[in-house]
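Listed below are the residues making up each chain.
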Amino acid sequence: MNWLSMVWAQARLNQTVLLRQRGMAFTVLLLPLFLAFVYTSGPQSAGSVNGVPGAAFAAVGAIAVVLPFSYMTIATAVVVRREERVYKRLRGSALPTSAIFAGDIVHATILGAVQAVVILVYAIGVAGAPMPSNLPLLLLAFLLGAAMFAALAIGTAGLIPNYEVAQLIALPVLFLSMFGAGLMFPVSVLPEWGQRVADVLPLSPIVAMMRTAILGRDFAAEAAPVVGFLESFQVSAAAIGIGLLWIGAGLWFTRRYFRWDPRRA
Amino acid sequence: MNTTAIEVRDLHRKYGDFEAVRGIGFEVGRGELYALLGTNGAGKTTTLDVLAGYAPPTGGRVRVLGHDPIGERAQVRHRMGIVLQEAGFYKDLTVAETVDAWRRWTPHSLDRREVLERVGLSQRERVRVSQLSGGEKRRLDLALAVLGRPELLFLDEPTTGLDPEARRNVWELIREMVAEGTTVLLTTHYLDEAEQLAQRLAIMHAGRIVTEGTLADVLGGRGTRVTFRLPGVLPGDLPYEPGTAGRSVTLSGESYSVETDRPQEDLRILLSWAHRHGRELDGLEVRRPTLEEIFLEVAATERVAA
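Residues numbered from 1 in each chain as written. Chains lettered and ligands numbered in written order. Predicted model: local features only at pLDDT ≥ 70, side-chain atom pairs only at ≥ 80, totals over all residues.

A. Inspection of the overall build of chain B at higher detail. Per the secondary structure count, chain B includes 10 helices and 13 strands. Seen through its principal axes, chain B has C-alpha atoms that stretch 75 × 45 × 40 Å. Looking at chain B as a whole, 37% of its 306 residues qualify as buried. Taking the intrachain contacts of chain B between residues at least 6 apart in sequence as the baseline, contacts between residues at least 24 apart amount to 69%. (Helix = DSSP H or I, 4+ residues; strand = E, 2+ residues; numbered from the N terminus. Buried ≥ 20, exposed ≤ 12 C-beta atoms within 10 Å, placed from the backbone. Contact = placed C-beta atoms within 7 Å.)

B. Structural detail: unusual backbone geometry. Residues and elements named next belong to chain B. For Arg 149, which is not a glycine, the phi torsion comes out positive at approximately 45°. Within the secondary structure layout, Arg 149 lies in the loop between helix H5 (134-146) and strand E6 (152-156). Judged by the 17 C-beta atoms lying within 10 Å of it, Arg 149 is partly exposed. The phi torsion at Glu 157 lies on the positive side, around 45°, for a residue other than glycine. Within the secondary structure layout, Glu 157 lies in the loop between E6 and helix H6 (164-179). In this structure Glu 157 comes out as buried when scored by C-beta crowding, with 21 C-beta atoms within 10 Å.

C. Fine view of the domain arrangement of chain B. As assigned here, chain B comprises domain 1 (4-219) and domain 2 (224-288). Between the C-alpha centres of domain 1 of chain B and domain 2 of chain B there is a distance of 43 Å. (Domains from an automatic or database assignment.)

D. Spatial organisation of the interface of chain B and chain A. With 22 residues of chain B at the contact, the number on the chain A side is 19 residues. In terms of residue count, the dominant contributor to the side of chain B that touches chain A is helix H3 (residues 95-105) of chain B (five residues).

E. Highlighting the sheet that holds strand E10 (residues 224-229) of chain B. All names here are of chain B. Taken in spatial order, the four strands of this open sheet run E11-E12-E10-E13, and their pairing is antiparallel. Only two strands of the sheet have a single neighbouring strand rather than two, namely strand E11 (247-252) and strand E13 (282-287). Averaged over all pairs of adjacent strands, the angle between strand axes in this sheet comes to 10°, irrespective of strand direction. Of the strand pairs in this sheet, E10 and strand E12 (residues 255-260) are connected by six bridges, and their pairing is antiparallel. In the strand pairing of E12, Thr 224 is matched with Thr 260. Contacts from helix H9 (residues 263-277) reach E10, E11, E12 and E13 within the one sheet, and its direction differs from that of E10 by about 20°. (Pairing = 2+ DSSP bridges. Axes fitted to C-alpha atoms, helices over the stretch in contact; angles between N-to-C directions.)

F. A look at the confidence of the model for chain B. Per-residue confidence for chain B gives a mean pLDDT of 89, with 96% of residues at or over 70. Interface confidence for the predicted complex, expressed as ipTM, amounts to 0.85; the pTM equals 0.84. (pLDDT = per-residue confidence, 0-100.)

G. Spatial organisation of the packing of H5 of chain B against H6 of chain B. All names here are of chain B. The geometry of H5 relative to H6 is characterised by a closest axis approach of 11 Å and an angle of 10° between their N-to-C directions. By the angle between their axes, H5 is roughly parallel relative to H6. Across from Gly 135, Arg 138, Leu 142 and Val 146 in H5, the residues of H6 making contact are Ala 166, Val 170, Leu 173 and Met 177. For the contact of H5 with H6, a count of residues per class yields six nonpolar, one polar and one charged. (Parallel < 35°, antiparallel > 145°, perpendicular 65-115°, else oblique. Nonpolar A, V, L, I, M, F, W, Y, C, P; charged D, E, K, R; others polar.)

H. Quick peek at helix H7 (residues 135-157) of chain A. Between its first and last C-alpha, H7 of chain A extends 33 Å over 23 residues, near the 33 Å set by a 1.5 Å rise per residue. Taken across its 23 residues, H7 of chain A has 18 buried, putting it largely inside the fold. (Expected span 1.5 Å × (residues − 1).)

I. Representation of the sheet that holds strand E8 (residues 200-205) of chain B in the model. Residue and element names in this part refer to chain B. If you walk across this open sheet you meet the six strands as E5-E6-E7-E3-E8-E9, and the pairing is mixed. Strand pairing shows two members of the sheet lacking a second neighbour, strand E5 (80-83) and strand E9 (208-214), which therefore form its edges. Pairs of neighbouring strands in the sheet enclose a mean axial angle of 15°, with direction left out of account. Sheet topology places strand E3 (residues 33-37) next to strand E7 (residues 183-188); five bridges connect them, and they run parallel. Among the inter-strand pairings, Leu 36 is bridged to a residue of E7, identified as Thr 187.

J. The arrangement of the packing of helix H10 (residues 203-215) of chain A against helix H12 (residues 237-257) of chain A in detail. Residues and elements named next belong to chain A. Here H10 crosses H12 at 145°, and the two axes come no closer than 8 Å. The element H10 and its partner H12 pack so that their crossing is left-handed. Listed contacts from H12 to Pro 205, Ile 206, Ala 208 and Met 209 of H10 are Ala 239, Ile 242 and Gly 243. (Left-handed = near helix turned anticlockwise from the far one by under 90°.)

K. Looking closely at the environment of Ala 151 of chain A. Residue and element names in this part refer to chain A. By secondary structure assignment, the location of Ala 151 is in helix H7. On the neighbour-count criterion, Ala 151 (22 C-beta atoms within 10 Å) is buried. In sequence terms Ala 151 and Met 24 are 127 residues apart; their C-alpha atoms lie 21 Å from each other. Those residues in contact with Ala 151, other than ones at most four positions away along the chain, are Ile 247, Gly 250, Leu 251 and Thr 254.

Written as structure tokens, this is what we have:
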């Protein structure tokens, strides 16, 4: 019985449990797809951004919407299992602790990846986005985002007392992420300082990387010049840095606040 | 192979300022069933938490199957089974799904049918865990704990809240496990449970072990009790010399209790006295002290000392 098969067993179990909770399953499985669809058909999608059709620009950004939902999946699962003392039982079984965490992350990441692919296909097939110009960068952006939101979910779960609050917290996380990444309205309408804050919110660097990876342009620069394969990694360096800082913050929170036992104990 | 399954030396465990366990030591041999007895707050569960690897000791050391249960967890976690007082289940899964999920990460596991048969849940495979009764949940607890054929089983108050029949079933299962060579560490506040199952036991009170040994050891040194009711008879009227070593007479209400090291002799004296005076010894009883009495006595002594 190796570690990987234990992780897989955990991930499978998480999925079974998720499907039994209808409301939660609907939220995390279908809502991101719905949001992405609404967003790409809204008024933002009219016109064009630096020569890229608005719908394509929006659809590419919408792929990143799946990440705050991973946050919701993981944070809620951690809180529920802790409060209902399922963690206590899991830790007393043959499972290593690392496999419990890894199972949560793998489960949420696979869900997110499937959703991201669906939205990407929609972006290319319906919204008129081009085939990704830099697939490795797109993959890197997704994995970095998945790691970031997983670390933040596990880290902040320690501060969340119960299931209801976990659901409440997930909403502002979602809105703040979408807002910061310019998915709700263009960040350019904000004052200068507001734009700086928005740039460093968790989802923003991921959205920027995904746009560069798919559309092959650097939207941070004036007039969004076309960038080559290696150049697209270079212009994403700052975004990768911000992503790593957020992962660091998530790990710090985990060290500081994570707990196995219920908060009321 | 090492013959000691559990070794505890001068164990201390603090929670903040509160010291739940204050320096205890005991050993459990392989294949033995050892019971930790005590009231709520005696430190039993804390001791078990340390042994099962949930919490590190704040002083002293423990060895479980020859290993540190936290530092060397990888060596022991698949060799032990744990039944906790209140560990949760995934409520929305069925009994079968729960066992199947656990089997996926338990090496050398029993198959589902076998383990459910064993705990008497075969008929409840398709039922969601949230719909099980308290006793059935306890049996599912046990099923998951014994799933990996553990060498060592920790049972934290395994029959609390069960009806008498369910209790006897759980006892039967525990006896079977012991018969197959499993070492069991059991905590309980039911004294009859320890009497029924344990080869050796320790009584804990306020974080310390106050008495320890085989049932005979713990009962030993305490006289047999002769109890009866005699309304209107003063202690001085009884045929016993006051202040005799090895015998003490106590009166509470109309009930006498004579604790004696020479039960046969003292009983003969009492019966012939009653016969001579035409007295009826109401509710006459002769018995060894129960754990309950020892337990109360220990608790009372500790309270005086404290």
